[in-house]
Amino acid sequence: MLKRAMTSTAASYKKRTGHVNEQHFAYLIDGDVVGGRTDKTDVIDQAYNTYSVKGGEWWQIFLYGRDRFVTNTEFREIGNVANLLIDCIDAFPVDRSDYLTDKIYFKKRLQEPMRQLKDEIRKPVIFPQLLSKAIFNGDEVGFLSILSKDLSRQDVPLDQKHFHLFSAEDVVSLLSTKLGIANSRARGRGQMDAQKVIFRYSNRNVGEIEIRTDSNVHYKQAKWRFNSPAILSLLQSNLEVTLVEDRQTSVYGSAIDFL
């Protein structure tokens, strides 16, 4: 089956749904929505704790073009990750029409830098730094609030929602030690190996880094996404939980020490 870019209608719905969930979480913790004025912070509470709010089936960790990796100092300090992402982006021609005329050639060009990117991210000192930067913008965000997929829809009322709260420290620690890292493998006709960096947990793919080529709007942008139910399951199965009933929130691991 061909992979298709998300339609503008679907993207707009997903964005609106995210805003509703941020508003609901902010109400429950007596906080404020601040999305749009910071890089990764969605909500801030009365004690100035900062939260990233996630839900749905997939989280987009980042969607960046070449310039972001050229100019962002913090990305450039994480080993050779920024340069390798640039190499992956540069495997494709400037004009998407040229890519469409000879996809196999450019997919072959992508394989070596994508393999090198996988090897770099696998380094124990690199992966935690990259997770911290990509998910939390380093020290900007202190906590991750996750709403399960089945409760993330716009039509779910506030009193039925329940958020799962984790410290950034626990998230980075667990993901960096529990996730396997590999390159993608061809699964059918027209596919090729090493087109993505794949993140695996419990014998399944739960995340990926790829270079977008499926639309003119996002052509040659690096995209990182995680599967929300799988990551929530990973975190829940490795951390103790405390239920905060009046806030419709479960607090896990070290997050309870700060709230």
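Since we're looking at a predicted model, the values are computed, not measured.

This next bit is on the overall build of the chain. Scanning the chain for helices and strands turns up nine helices and 12 strands. Taken over C-alpha atoms, the radius of gyration comes to 19 Å for the chain, in line with the 18 Å a tight globule of 259 residues would show. Referenced to the eigenvectors of the C-alpha coordinate spread, the extents of the chain come out at roughly 60 × 40 × 35 Å. Within the chain, contacts between residues at least 6 apart in sequence are counted, and of these 62% link residues at least 24 apart. As presented, the chain carries roughly 13400 Å² of accessible surface, and 47% of it is formed by carbon and sulfur atoms. Of the side-chain charges in the chain, 36 are positive and 33 negative, and the distance between the mean point of each set is 10 Å.

Moving on, we come to the pairing of strand β4 (residues 58–64). Of all seven residues making up β4, five are buried, and the element is well covered by its neighbours. The pairing of β4 with strand β10 (residues 222–227) spans six bridges and is classified as antiparallel. Pairing of Q60 across the sheet is with R225, part of β10.

With that settled, consider the nonpolar core. Core analysis: the biggest nonpolar cluster contains 56 residues, and F69, L117, I121, L175, F199, W224 and F226 have the highest contact counts within it. Other than its neighbours up to four places away in sequence, F69 contacts F62, Y64, F75, R76, A82, L85, I86, I89 and A222. Ranked by size, the runner-up nonpolar core spans 15 residues in total, among them F25, I29, Y51 and V156.

About the criteria used
Position numbers for residues count from 1 along each chain, tracking the sequence in the order it is written. Under the rules for a predicted model, residues below a pLDDT of 70 receive no local features and side-chain atom pairs below 80 are neither given nor counted, while totals for whole chains, interfaces and linings still include all residues. As a rule here, side-chain values cover all heavy atoms of the structure and leave hydrogens and water aside. Put simply, DSSP marks the helices as runs of H or I at least four residues long and the strands as runs of E at least two long, and each gets a number from the N terminus on. The quantity called the radius of gyration is restricted to C-alpha atoms. Its globule counterpart is 2.2 Å times the number of residues to the power 0.38. In this analysis, two residues are considered to be in contact whenever any of their non-hydrogen atoms come within 4.5 Å of each other. Each accessible area is a Shrake-Rupley estimate made with a 1.4 Å probe; only the visible protein chains count as cover when residues are assessed. When charges are counted, neither His nor the chain ends are considered; positive counts come from Lys and Arg and negative counts from Asp and Glu. Charge positions are represented by NZ for Lys, CZ for Arg, CG for Asp and CD for Glu. Relative accessible area decides the class of each residue, using a 1.4 Å probe on protein chains only: under 20% of the type maximum gives buried, over 50% gives exposed, and in between gives partly exposed. Strands were regarded as paired on the criterion that DSSP finds at least two bridges between them. To qualify as a nonpolar core, a set must consist of buried Ala, Val, Leu, Ile, Met, Phe, Trp, Tyr and Cys residues joined through side-chain atoms within 4.5 Å.

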